[in-house]
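Here's the letter readout for the chains.
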Amino acid sequence: MELFSLQGQTALVTGGAKGIGKGIATVLRRAGAEVIIADIDREHGEATAAVLGGHYQPLDVRVQDSCRAAIAAAVARFGALDILCSNTGIFPQKTLAEMNEADWDETHGINLKGTFFMVQAAAEAMRPRGYGRIVITSSITGPVTGFPGWSHYGASKAGQLGFMRSAALEYARFGITINAVMPGNVLSEGLQAQGETYLAQMRAAIPTHTLGTPADIGYAACFLASREAAYITGQTIIIDGGQILPESAEALL
Ligand code: NAD
């Protein structure tokens, strides 16, 4: 079999209807996997599934039963689930001064608790087979960098990594790896909504002077999702065009 081929494997991508999730699903499909686009947005989910030759699965990551049902549906349809990309996330901006408990809970409910629900349901479904690849979409924001208005978001993204490290230990002996991709600024529908001023600021702060594409994240996720990445677990990879490197504006040529 060709190196890094996902032929014969099944992958479920949360938040796969748009943005980075769509990019990941596109790359996994190109590598040969059957892909399930699991998303709360039926219209875009079905459209993306149709374009990729994949399948749409309704999902609300805030609801544990919905997460369990999505994994069960994947197993029922394909006999097994090989890959979970737990990618759904939101990034509403709110300064700490303005933030209330509902803002905090909304971001953590989707980004962090949703990751717990999905990873638990998938890992438990994978355990009897002794094989699985789980890739979480975290961020540079929180684990490495900060940005005004994203304290709750950053906490949720750093929280995903803390969660991942212990989860990876618990499932290593079952042939299941759990790793994370950490995107910089990737031109998804969600990022586009931040507006041109934000996007221009970011381009200026990135050594490549380009924003990332959803496929850039997909290629890294695809590697971590491959059989060949068997000996890598609990790890992270930053995909940011070098954004976290410059020590000063002068370092950005
Ligand atoms: P996006 O807004 O473009 O897409 C998010 C997708 O998640 C949408 O399809 C949406 O319908 C779905 N979704 C939202 N709530 C859901 C729910 N409750 N249940 C199921 N699906 C739901 O976002 P994106 O920019 O592609 O971000 C995807 C992931 O990448 C997030 O975890 C985000 O934190 C992370 N990330 C993005 C960037 C970036 O620059 N775009 C950078 C770092 C990290």
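Look a little higher up for the structure.
Residues numbered from 1 in each chain as written. Predicted model: local features only at pLDDT ≥ 70, side-chain atom pairs only at ≥ 80, totals over all residues. Heavy atoms only, no water.

Peer 1: I keep staring at the pattern of salt bridges and nothing clicks. Help me out?
Peer 2: Note that side chains of opposite charge can pair when their charged atoms are close. Evaluated as defined, the whole model comprises 7 salt bridges. In this structure, the salt-bridge partner of E46 is R42, at a minimum N-O distance of 2.9 Å. Taken together, the residues span about one helical turn, with E46 and R42 both in helix α2 (residues 42-52) at a distance of 4 residues. (Salt bridge = Lys/Arg side-chain N within 4 Å of Asp/Glu carboxyl O. Helix = DSSP H or I, 4+ residues; strand = E, 2+ residues; numbered from the N terminus.)

Peer 1: What should I look at first to understand the site of the ligand in this one?
Peer 2: Inspection of the region around the ligand gives 30 residues, with I20, D39, Y153, V186 and S188 positioned closest. In the model, an oxygen atom of the ligand is placed 2.9 Å from a nitrogen or oxygen of the G190 main chain. When isolated, the ligand has an accessible area of 840 Å², and the protein chains bury 92% of it. Its atoms largely coinciding with the cavity grid, the ligand occupies the largest pocket. Those elements that provide at least two residues to the shell around the ligand are α1 (19-30), α5 (151-171) and α6 (189-192). Residue contributions to the shell around the ligand peak at 3 residues, all from α6. Residues of the shell around the ligand, tallied by class, amount to 11 nonpolar, 12 polar and 7 charged. (Near = heavy atom within 4 Å. Polar contact = N/O pair within 3.5 Å; in protein donor to acceptor, adjacent residues only side chain to side chain. Areas by Shrake-Rupley, 256 points an atom, 1.4 Å probe, with all protein chains shown as cover. 1 Å grid on protein atoms, 1.4 Å probe; cavity = no way out; pocket = protein on both sides within 12 Å on 5 of 7 lines; lining within 4 Å. Sits in = over half its atoms within 2 Å of the grid points. Nonpolar A, V, L, I, M, F, W, Y, C, P; charged D, E, K, R; others polar.)

Peer 1: Help me out: how do you make sense of the layout of surface pockets in this one?
Peer 2: Space left empty within the atom packing is revealed by a probe, the size of a water molecule, rolled over the atoms. Taken as a whole, the largest pocket spans an internal volume of roughly 900 Å³. Along the walls of the largest pocket sit 44 residues, with G89, I90, F91, S188 and G190 positioned nearest its centre. Within the residue set of the lining of the largest pocket, elements represented by two or more residues are α1, β2 (34-39), α5, α6 and α7 (196-205). Residues that form the lining of the largest pocket fall into these classes: 20 nonpolar, 17 polar and 7 charged. (Points joined across faces, edges and corners; volume = space filled by probe spheres on them.)

Peer 1: Can you walk me through the nonpolar core in this structure?
Peer 2: If you look at soluble globular proteins, the nonpolar side chains tend to sit buried side by side. Formed by 31 residues in total, the largest nonpolar core has its most connected members in L12, L84, M118, I134 and I178. Counting only elements with at least two residues in this core, the list comes to β2, α3 (64-78), α4 (101-126), β5 (132-137), α5 and β6 (176-183). At 8 residues, α4 tops the list of elements feeding residues into this core. (Core = buried A, V, L, I, M, F, W, Y, C linked by side-chain atoms within 4.5 Å. Buried < 20%, exposed > 50% of the residue type's maximum accessible area, 1.4 Å probe, protein only.)

Peer 1: Can you walk me through unusual backbone geometry in this structure?
Peer 2: The general pattern is negative phi for most residues beyond glycine and trans for most peptide bonds. The phi dihedral of F4 is positive, around 65°, even though this residue is not glycine. As for its placement among the helices and strands, F4 is situated in the segment before β1 (10-14). Overall, F4 belongs to the partly exposed group, its relative accessible area being 36%. Even without glycine at this site, H209 takes up a positive phi of about 60°.

Peer 1: Honestly, the environment of F91 in this entry has me stumped. Any pointers?
Peer 2: With respect to the element layout, F91 can be found in the loop between β4 (83-86) and α4. Along the chain, F91 and R77 lie 14 residues apart, while their C-alpha atoms are 32 Å from each other. Apart from residues lying up to four places away in sequence, F91 is in contact with W150, Y153, S188, G190, L191 and Q194. (Contact = heavy atoms within 4.5 Å.)

Peer 1: Would you mind showing me how to read the sheet that holds strand β7 (residues 236-239) here?
Peer 2: Within a sheet, adjacent strands bond to each other through the backbone by hydrogen bonds, running parallel or antiparallel. Across the sheet, which stays open at both edges, the 7 strands sit in the order β3-β2-β1-β4-β5-β6-β7 with parallel pairing between neighbours. In the strand order of this sheet, the two ends are held by β3 (55-58) and β7, each with one partner. Sheet twist, expressed as the average angle between the axes of neighbouring strands with direction ignored, equals 20°. As paired strands, β1 and β2 are joined by 5 bridges and run parallel to one another. (Pairing = 2+ DSSP bridges. Axes fitted to C-alpha atoms, helices over the stretch in contact; angles between N-to-C directions.)

Peer 1: When you look at α3 in this model, what are you seeing that I'm missing?
Peer 2: For the α-helix, the turn length of 3.6 residues means that residues three or four positions removed from each other point alike. For α3, built from 15 residues, the straight-helix expectation of 21 Å at 1.5 Å per residue is met to within 8% by its first-to-last C-alpha distance of 22 Å. Those residues of α3 that sit buried are S66, C67, A70, I71 and A74. Buried residues of α3, viewed axially, fall in a sector of 135°; they line one side. Residues of α3 that are exposed and point over 90 degrees away from its buried face: D65 and A76. Buried residues along α3 sit against β1, β2, β3 and α4. Downstream of α3 by one or two residues, G79 has phi in the positive range, about 90°. (Expected span 1.5 Å × (residues − 1). Arc of directions from axis to C-beta.)

Peer 1: Is there a simple way to think about the side chain of N179 in this case?
Peer 2: In this structure, N179 sits in strand β6. A polar contact of 3.1 Å, which involves the side chain of N179, links it to the backbone nitrogen of G234. Setting aside anything within four residues of it in sequence, one finds N179 in contact with I134, V135, I136, M164, L224, I232, T233, G234 and Q235.

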